[in-house]
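Next come the chains, spelled out residue by residue.
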Amino acid sequence: MQREITVRVDGTARPLTVDTRTTLLDALRERLGITSPKKGCDHGQCGACTVLSGGRRMLSCLTLAVTQDGADVVTAEGLAPGAAGAGQQVEGGLHPVQRAFVDCDALQCGYCTPGQVVSAVGALDEFAAGWPSAVTEGPGAPGLDRAEVAERMSGNLCRCAAYVNIVTAVLRAAGALPAGPTAGQEVDG
């Protein structure tokens, strides 16, 4: 069964006719040519396909495209020039999280990086809204430390094991670390 939908992707309304069984990931990659969300496991276990929908993180491999009719979807490609994480300044053509990933050498092969970056943007928005995680201690707003970031990013796997620098980059993007140490230097935090 085919259905006509319109999804706003990275700030542009995109009309599509899709089979009702088509995932958002397949619609983005195969129909719209947006390749930053990756097909890693296709089972919702690796996070390589993470996008923001309505500002919330979602796994596009587990989401049917028809459920996103009228939605505002942001991929890693749409972070820098656009409004994801509204109010954040774009520096040097990159979103602050993208800049921190580059500065902290938080990528190796790069396959998981778009999903990691989008997930980090969503995680920092959740943190800023005061949402607790499984490791948040006590009532009130959580504090942002390495354990908190690692927990919030735990749905995104990196086969190259760049986790130390990924956590550092997320802390840097959040302003929880100074701009001093760069690539290759582990930072306590």
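Before reading on, note that the structure itself is shown above.
Before going into details, it helps to say that this report is about the structure given with it. (Residues numbered from 1 in each chain as written. Predicted model: local features only at pLDDT ≥ 70, side-chain atom pairs only at ≥ 80, totals over all residues. Heavy atoms only, no water.)

This part is about the overall build of the protein chain. Within the protein chain one finds five helices and five strands. Secondary structure of the protein chain in N-to-C order comes out as β-β-α-β-β-β-α-α-α-α. For the protein chain, the residues scored as buried account for 46% of the 189 residues in total. For the protein chain, restricting intrachain contacts to residue pairs at least 6 apart in sequence, the fraction spanning at least 24 positions comes to 51%. In the form shown here, the protein chain has an accessible surface area of approximately 9300 Å², with 51% of it arising from carbon and sulfur atoms. (Helix = DSSP H or I, 4+ residues; strand = E, 2+ residues; numbered from the N terminus. Buried < 20%, exposed > 50% of the residue type's maximum accessible area, 1.4 Å probe, protein only. Contact = heavy atoms within 4.5 Å. Areas by Shrake-Rupley, 256 points an atom, 1.4 Å probe, with all protein chains shown as cover.)

In this section: the packing of helix α2 (residues 96-103) against helix α5 (residues 163-173). Across the interface, α2 lies against α5 with an axial gap of 8 Å and an inter-helix angle of 135°. Comparing the axis directions of α2 and α5 gives the class oblique. The hand of the α2/α5 crossing is right-handed. The residues of α5 that touch α2, namely those facing Pro96, Val97, Ala100, Phe101 and Asp103, are Ile166, Ala169, Val170, Arg172 and Ala173. Here the residues of the contact of α2 with α5 are counted per class, giving eight nonpolar, no polar and two charged. (Axes fitted to C-alpha atoms, helices over the stretch in contact; angles between N-to-C directions. Parallel < 35°, antiparallel > 145°, perpendicular 65-115°, else oblique. Left-handed = near helix turned anticlockwise from the far one by under 90°. Nonpolar A, V, L, I, M, F, W, Y, C, P; charged D, E, K, R; others polar.)

Under the definition given, this model contains zero disulfides. Cysteine Cys41 remains unbridged, with the sulfur of Cys46 as its closest cysteine sulfur at 3.8 Å. On the basis of relative accessible area, Cys41 is assigned to the partly exposed category, the value being 24%. (Disulfide = S-S within 2.5 Å.)

Right, let's talk about the pairing of strand β1 (residues 2-9) for a bit. With eight bridges connecting them, β1 and strand β2 (residues 12-19) associate as antiparallel partners. Looking at β2, one finds that Ile5 is bridged to Leu16. Counting the residues between successive antiparallel strands, the hairpin from β1 to β2 contains two residues, one of them, Asp10, with a positive phi of roughly 50°. (Pairing = 2+ DSSP bridges.)

Turning our attention to the pairing of strand β4 (residues 56-59). Two strands pair when backbone bridges link them, and strand β3 (residues 50-53) and β4 are joined in this way by four bridges, in the antiparallel orientation. Bridged to Thr50 within β4 is Leu59. Between β3 and β4, which follow one another and run antiparallel, lie two residues, and Gly54 among them has a positive phi close to 60°.

Among the nonpolar cores identified, the biggest contains 26 residues, and Val97, Phe101, Met153, Ile166 and Val170 are the most heavily contacted of them. Of all the secondary structure elements, the ones that give two or more residues to this core are α2, α3 (113-128) and α5. The leading source of residues in this core is α3, at six residues. Ignoring any residue separated from it by four or fewer positions in sequence, one finds Val170 in contact with Phe101, Ala120, Leu124, Val149 and Met153. (Core = buried A, V, L, I, M, F, W, Y, C linked by side-chain atoms within 4.5 Å.)

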